[in-house]
Amino acid sequence: MQTEPKDVIILGSIRRGKKKFSAIQNETKINPEELNAILEELENKKFIKVEESKGWFGKKVELKITDNGSNELDKKIIEIQSKWKEMQVLYQSGDKQKLQEKMEENKSFLPSMMFFGVMDMMMFSMMFSMMG
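Residues numbered from 1 in each chain as written. Predicted model: local features only at pLDDT ≥ 70, side-chain atom pairs only at ≥ 80, totals over all residues. Heavy atoms only, no water.

Looking at this model, I keep getting lost on the overall build of the chain. Mind explaining?
The helix and strand inventory of the chain stands at 7 helices and 2 strands. N-terminal to C-terminal, the α/β element order of the chain is α-α-α-β-β-α-α-α-α. Each of the three principal axes of the chain carries a C-alpha extent, and together these read 60 × 25 × 20 Å. A burial count over the chain gives 38% of its 132 residues as buried. At a minimum sequence separation of 6, the contacts of the chain that also span at least 24 residues come to 61%. Of the roughly 8,200 Å² of accessible surface on the chain, a fraction of 52% belongs to carbon and sulfur atoms. (Helix = DSSP H or I, 4+ residues; strand = E, 2+ residues; numbered from the N terminus. Buried < 20%, exposed > 50% of the residue type's maximum accessible area, 1.4 Å probe, protein only. Contact = heavy atoms within 4.5 Å. Areas by Shrake-Rupley, 256 points an atom, 1.4 Å probe, with all protein chains shown as cover.)

Structure (structure tokens):
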């Protein structure tokens, strides 16, 4: 199943304990309209569920990750880690051309790599400087 990197970041944010729309938006820095659309899509795929309860100030809405969502997130994190390892191997081999191709191919995953702490920023800087 293909999940967009922003979907993965949002699932990660929810799994980290962000349960409210505003908290997820603050952590992910995704604009509210796009975030709402992605959350609806994640709910339709049954990766998250919306729980409503009564609080002191009225209705309280919380988002929770489902088992399916958590499993999908684990798969994506493993995929992201393997992509990072591939780039590290290319960097260590000194093949600028292949590294540049791999970075271009995986540029949509770079925000996810940073969000989940998969990417070593020092190594990433060295990769960029190697390519010129």
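Text resumes after the structure shown.
What's the story with helix H3 (residues 32-44) in this structure? I'm lost.
Side chains of residues three or four places apart in an α-helix project in the same direction, reflecting 3.6 residues per turn. An ideal rise of 1.5 Å per residue puts 18 Å on 13 residues; H3 measures up with 18 Å between its terminal C-alpha atoms. Every buried residue of H3 is listed here: Leu35, Ile38, Leu39 and Leu42. All buried residues of H3 project into a common sector of 105° when viewed along the axis, lining one side. In this structure, H3 carries Glu33 and Asn44 as exposed residues pointing more than 90 degrees from its buried face. Structurally, H3 contributes buried residues whose contacts are with helix H1 (5-15), helix H2 (21-28), strand S1 (48-55) and strand S2 (58-65). Lys46, located one to two residues past H3, shows a positive phi value of around 65°. (Expected span 1.5 Å × (residues − 1). Arc of directions from axis to C-beta.)

Would you mind showing me how to read the packing of aromatic side chains here?
Two numbers describe a pair of aromatic rings. These are the distance of the centres and the angle of the planes. Scanning all chains against the criterion turns up 2 aromatic pairs. A centroid spacing of 5.1 Å and a plane angle of 90° characterise the contact between Phe115 and Phe116, whose relative ring orientation is edge-to-face. Positioned over the ring face of Phe115 is Arg16, at 4.2 Å from the centre of the ring. (Phe/Tyr/Trp six-rings, centres within 6.5 Å; stacked < 30°, edge-to-face > 60°. Lys NZ or Arg CZ within 6 Å of the ring centre and 35° of its normal.)

Whenever I open this one, the environment of Lys83 confuses me. Can you help?
Within the secondary structure, Lys83 sits in helix H4 (residues 67-93). A relative accessible area of 16% places Lys83 in the buried class. It is 44 Å that separates the C-alpha atoms of Lys83 and Lys54, two residues lying 29 residues apart in sequence. If we skip the residues at most four places from it in the chain, Lys83 touches Asn106, Phe109 and Met113.

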